[in-house]
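An overview of the molecular structure
Here is how the chains run, residue by residue.
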Amino acid sequence: MSGPYLDIKKDFPVLNREFDGKPLIYLDTAATSQKPAIVLDAMDRFYRESYGTVRRGVYRLSEKATQAYEGTRRKVARLLNANSVKEIIYTRGATESLNLVAYSYGHAFLKAGDEVILSQIEHHANIVPWQLIAEGVGARIKIIPCNDRGELMLEEYRKLLSPRTKVVAVNHVSNALGTINPIAEIAGLAHEVGAVVVVDGAQGISHMPVDVQALGADFYAFSSHKMFGPTGVGILYGRYELLEKMPPFMGGGDMIRQVTFEKTTFQDPPHRFEAGTPSIVEVLGLGSAIEYLESVGLNRIATHEHALLEYGTELLSGIPGLRLIGTAEKKAAVLGFTLDGIHPHDIGTLLDMEGIAIRAGHHCAQPTMERFGVPATARASLGPYNTEADLDALAKALLKIKGMFA
Amino acid sequence: MSQANELYQQVILDHNRNPRNYRPLPEATHACHGHNPLCGDNITVFAKVDASGNLEDLSFQGNGCAISKASASLMTSQLKGKPLAEARQLFGEFHEMVKGDLNPETTPNHLGKLKLFQGVKEYSSRIKCATLAWHALMGALDRQENTSTE
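Figured I'd write up the structure that's included with this text. (Residues numbered from 1 in each chain as written. Chains lettered and ligands numbered in written order. Predicted model: local features only at pLDDT ≥ 70, side-chain atom pairs only at ≥ 80, totals over all residues.)

1. Observations regarding the sheet that holds strand 13 (residues 322–325) of chain A
All names here are of chain A. Judged by pairing direction, the sheet is antiparallel, and its 4 strands sit side by side in the order 13-14-17-16 without closing on themselves. Each edge of the open sheet carries a strand with a single partner, namely strand 13 and strand 16 (359–361). Adjacent strand axes in the sheet meet at a mean angle of 30°, parallel and antiparallel pairs treated alike. With 4 bridges connecting them, strand 13 and strand 14 (residues 334–339) associate as antiparallel partners. Looking at the pairing, Leu324 lines up with Phe337 of strand 14. (Pairing = 2+ DSSP bridges. Helix = DSSP H or I, 4+ residues; strand = E, 2+ residues; numbered from the N terminus. Axes fitted to C-alpha atoms, helices over the stretch in contact; angles between N-to-C directions.)

This is how it looks when you write it as structure tokens:
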């Protein structure tokens, strides 16, 4: 393919399957991405040839596994332009990463009267942990509102900032609307009042180059499964000076220096935050996914997805009665919409019958739905394996559904 | 769209477009509001039970997807005039059918037109849509004010 587009659907085995004789058209990458064969093969090979525990064994199998496991940490650090591999913590996913920051940093540094600023367009994973902590310590939560396009209103954000602000937690990209938030600007203002900046990067990481230092993110959280890697592993990047001051999140094996019944001392970061046997093979799979991402090229992925977004926006806007929810000027390839008189769940089920997989519902972002006055939306979210033909099929099926309900 | 025709048949689309018994029921003896938090469906079912324990009249109001609305419409139509015991039995059969535990083509049943919903069994996420009105009715008869599919 020429122009702005990649041609990588063939790398993803599941995208070559059919449902009832119709090729699968996968438009739910914001929920989870599909996996390229290279990741599946790497994990399979590792289980067959090299599997052993990590950071414990004194035999060669474990030494090899540990090398591969720690190798992913270096790949993640490079991908994010982190200062050091010690800033990369393995978790089970973005949700656990955000909980880790909220519990560990929150319990150590938040007190009664302090304020945590969130945005109106957060995923529940970046709302609920903060509510739980705030309630416990007596801190307050403030919300940056968004405009009708789904863009955060920075002039309102400025008014919320004060010396009481201790944490600003926002997403890099909204999962429901696709809005790309101006993190560098948000972080700059937060740092002026001495707050730390926590970025939910679940929807940012595999769609554009991410440089945590340029963004000014003190913490950046994401999941492997949304970036072509396996489920069960996520990353928390944290600035080392902050991680060093933070208490453990979970206790167990491998995160300790010495345990006695009188007193236990803990490892330095990142191991202080990694209790128990981790998702070894999944971490290896994530490393393989990062290699894949880099071989395709994040700039090329961003170009591909932007071209598809523009194509899809024009196509869907031409359907009478279709309302796009989320029309930010800076937007990732997420097309949230409603169709007059047809519930998003009916749209979702009927599209499935055409072989098209989309998400329908509140997208774990109920405050976002409330802001736009809808109980739910249908959402087509794109990845680098999608094509204009996928969007043509979506538009054609939507017209057919409209006909059924007319 | 063979499967689609099975679930989204003309009858269901028609009941979605022109729901029967979609009105308040001032003389209701029982009412319950059903909520499906997953999709935001809200349906209130009203029932008037007479002295001998028959469902003299039924109605519903609210918002929801085509499946939940058509299910409420067909349920209220089918149960009007029926004894309460029969309504509970039908709920049991309906629930088993949409879960895939009762094949209405091979097992004797009283489902009648409600068989239209058997395609729901292919979509476990939609079972709650199809049963919302039924849960609300059962809640009403059990004297609850609210019920939820969760």
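2. Focus: the nonpolar core
In terms of nonpolar packing, the biggest core is built from 155 residues, with Val197 of chain A together with Val45 and Ala133 of chain B touching the most fellow members. Among the elements that take part in this core, helix 9 (residues 280–296) of chain A stands out by supplying 9 residues, more than any other. Here this core gathers at least three residues from each of two domains, domain 1 (9–29 + 297–405) and domain 2 (50–295) of chain A. For Ala133 of chain B, the residues in contact, after removing those within four places along its chain, are Gly34, Ile43, Val45, Phe60, Ser68, Ser71, Ala72 and Met75 of chain B. (Core = buried A, V, L, I, M, F, W, Y, C linked by C-beta atoms within 7 Å. Buried ≥ 20, exposed ≤ 12 C-beta atoms within 10 Å, placed from the backbone. Domains from an automatic or database assignment. Contact = placed C-beta atoms within 7 Å.)

3. Some words on the interface of chain A and chain B
Listed per partner, the contact involves 13 residues of chain A and 15 residues of chain B. Taken together, the elements giving at least two residues each to the side of chain A that touches chain B come down to helix 11 (344–352) and helix 13 (388–405) of chain A. Ranked by the residues each element gives to the side of chain A that touches chain B, the list is headed by helix 11 of chain A, at 4 residues. Its residues assigned to classes, the side of chain A that touches chain B comprises 6 nonpolar, 5 polar and 2 charged. (Nonpolar A, V, L, I, M, F, W, Y, C, P; charged D, E, K, R; others polar.)

4. A word on the environment of Thr387 of chain A
Residue and element names in this part refer to chain A. Position of Thr387 among the secondary structure elements: in the loop between strand 17 (377–381) and helix 13. Overall, the presence of 19 C-beta atoms within 10 Å leaves Thr387 in the partly exposed class. Considered as a pair, Thr387 and Lys64 are 323 residues apart in the sequence and their alpha carbons are 40 Å apart.

5. Overview of helix 10 (residues 298–317) of chain A
Residue and element names in this part refer to chain A. With 20 residues, helix 10 should reach 28 Å at 1.5 Å per residue; the first-to-last C-alpha distance of 28 Å fits that figure. Taken together, the buried positions of helix 10 are Ile301, His304, Glu305, Leu308 and Gly312. Buried positions in helix 10, seen along its axis, are confined to an arc of 90° and lie on one side of it. Facing away from the buried side of helix 10, by more than 90 degrees, are the exposed residues Asn299, Glu314 and Ser317. Next to the buried residues of helix 10 lie helix 9, strand 14 and helix 13. (Expected span 1.5 Å × (residues − 1). Arc of directions from axis to C-beta.)

Everything listed here is a matter of coordinates, which is why it stays silent on function.
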